[in-house]
Amino acid sequence: MLSEDYFLSIIRIAFGSILFVKVFFSIKCFDFHWAHISKKERYVLKYLLIALTFLSVCLTLGLFTFYVSLLIFLLFVYLWYKSTFYALEDIYFYGMIVYIVLLSPDRISFDQLFNIPTYKLSLSNTPIPHILLILHTTITFYSGAIEKISSNMWRKGLEVYNFFVFPSNRNFSLKFFSNKK
């Protein structure tokens, strides 16, 4: 039977892969995310995004797991602090990056394969990283629910309607939903 370390490494691999896809599409949509910044800053941010892409591959492979996850956290915070567009997925990415930094799961990794010396925080042997991830997710859902309760558009049922009406949100006809009250 597989131990918890294997499952945490699988989570790290999955998260690193998803982070790679997110950063890849962020590069493709660079003008949308960082529309308000100067040309000089754009130049720097593009290179930081490329570095983040490379680091996400290193995280997926488990190469210098702790240090890479710490660098990813710092770059992610800086890049999305400068971003014009900030979404709910970014909030979840913050929580997962902190989780990975605190745990540094490296059971399935190049670190283990090549006997590279690794570093782990002393918190990685406690339930604190798991508790923090659960609290982060819970607080995010709770704040989203409070926002929806206080929003007139959600209370009137128009938010879901608007989602179906906007062409950017659909790939096929949703007239059945958008023609109903």
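Residues numbered from 1 in each chain as written. Predicted model: local features only at pLDDT ≥ 70, side-chain atom pairs only at ≥ 80, totals over all residues. Heavy atoms only, no water.

Draft legend 1. View of the packing of helix α3 (residues 39–61) against helix α4 (residues 65–81). In contact at an axis separation of 10 Å, α3 and α4 are set at 150° when each is read in the N-to-C sense. With respect to each other, α3 and α4 are oriented roughly antiparallel. Crossing hand, α3 versus α4: left-handed. Every residue of α4 that contacts α3 at E41, L45, L48, L49, A51, L52, L55, S56, C58 and L59 is listed here: T65, V68, S69, L71, I72, L75, F76, Y78, L79 and W80. Per-class residue counts for the contact of α3 with α4 are 16 nonpolar, 3 polar and 1 charged. (Axes fitted to C-alpha atoms, helices over the stretch in contact; angles between N-to-C directions. Helix = DSSP H or I, 4+ residues; strand = E, 2+ residues; numbered from the N terminus. Parallel < 35°, antiparallel > 145°, perpendicular 65-115°, else oblique. Left-handed = near helix turned anticlockwise from the far one by under 90°. Contact = heavy atoms within 4.5 Å. Nonpolar A, V, L, I, M, F, W, Y, C, P; charged D, E, K, R; others polar.)

Draft legend 2. Summary view of the environment of R155. Considering the arrangement of structural elements, one finds R155 in helix α8 (residues 152–155). The exposed category is assigned to R155, whose relative accessible area is 56%. Ignoring sequence-local partners within four residues, the contact set of R155 consists of K148, I149 and S150. One polar contact links R155 to N152, side chain to side chain, over a distance of 2.6 Å. (Buried < 20%, exposed > 50% of the residue type's maximum accessible area, 1.4 Å probe, protein only. Polar contact = N/O pair within 3.5 Å; in protein donor to acceptor, adjacent residues only side chain to side chain.)

Draft legend 3. View of the layout of surface pockets. Space inside the largest pocket adds up to approximately 350 Å³. Every residue lining the largest pocket is counted, 13 residues in all, and those nearest its centre are A87, L88, G144, K148 and W154. Of all elements in the fold, only α5 (88–103) and α7 (128–150) reach the threshold of two or more residues within the lining of the largest pocket. Among the elements that take part in the lining of the largest pocket, α7 stands out by supplying 7 residues, more than any other. (1 Å grid on protein atoms, 1.4 Å probe; cavity = no way out; pocket = protein on both sides within 12 Å on 5 of 7 lines; lining within 4 Å. Points joined across faces, edges and corners; volume = space filled by probe spheres on them.)

Draft legend 4. Summary view of α5. Between its first and last C-alpha atoms α5 spans 23 Å; for 16 residues at 1.5 Å apiece the expected length is 22 Å, and the two agree. Listing the buried residues of α5 in full gives D90, F93, Y94, G95, M96, I97, Y99, I100, V101, L102 and L103. Tucked inside the fold, the buried residues of α5 contact α1 (4–28), α3, α4 and α7. The first or second residue beyond α5 is S104, which carries a positive phi of 50°. (Expected span 1.5 Å × (residues − 1).)

Draft legend 5. Region of the structure containing the pattern of salt bridges. Overall, the coordinates contain 6 salt bridges when judged by the stated rule. Between K82 and E41 there is a salt bridge, and its shortest N-O distance comes to 2.7 Å. Remark: E41 occurs in helix α3 and K82 occurs in the loop between α4 and α5; sequence separation between them is 41 residues. Through salt bridges with shared partners, a single ionic network connects K22, E89 and D90. (Salt bridge = Lys/Arg side-chain N within 4 Å of Asp/Glu carboxyl O.)

Draft legend 6. Spotlight on empty space enclosed by the protein. All told, the structure shown has 1 cavity of 30 Å³ or more when counted by the stated rule. Quantified by volume, the largest cavity comes out at close to 50 Å³. Lining the largest cavity we find F64, T65, F66, Y67, S104, D106, D111, P117, T118 and Y119. Top element by residues in the lining of the largest cavity is α4. It accounts for 3 residues. Partitioned by chemical class, the residues of the lining of the largest cavity number 5 nonpolar, 3 polar and 2 charged.

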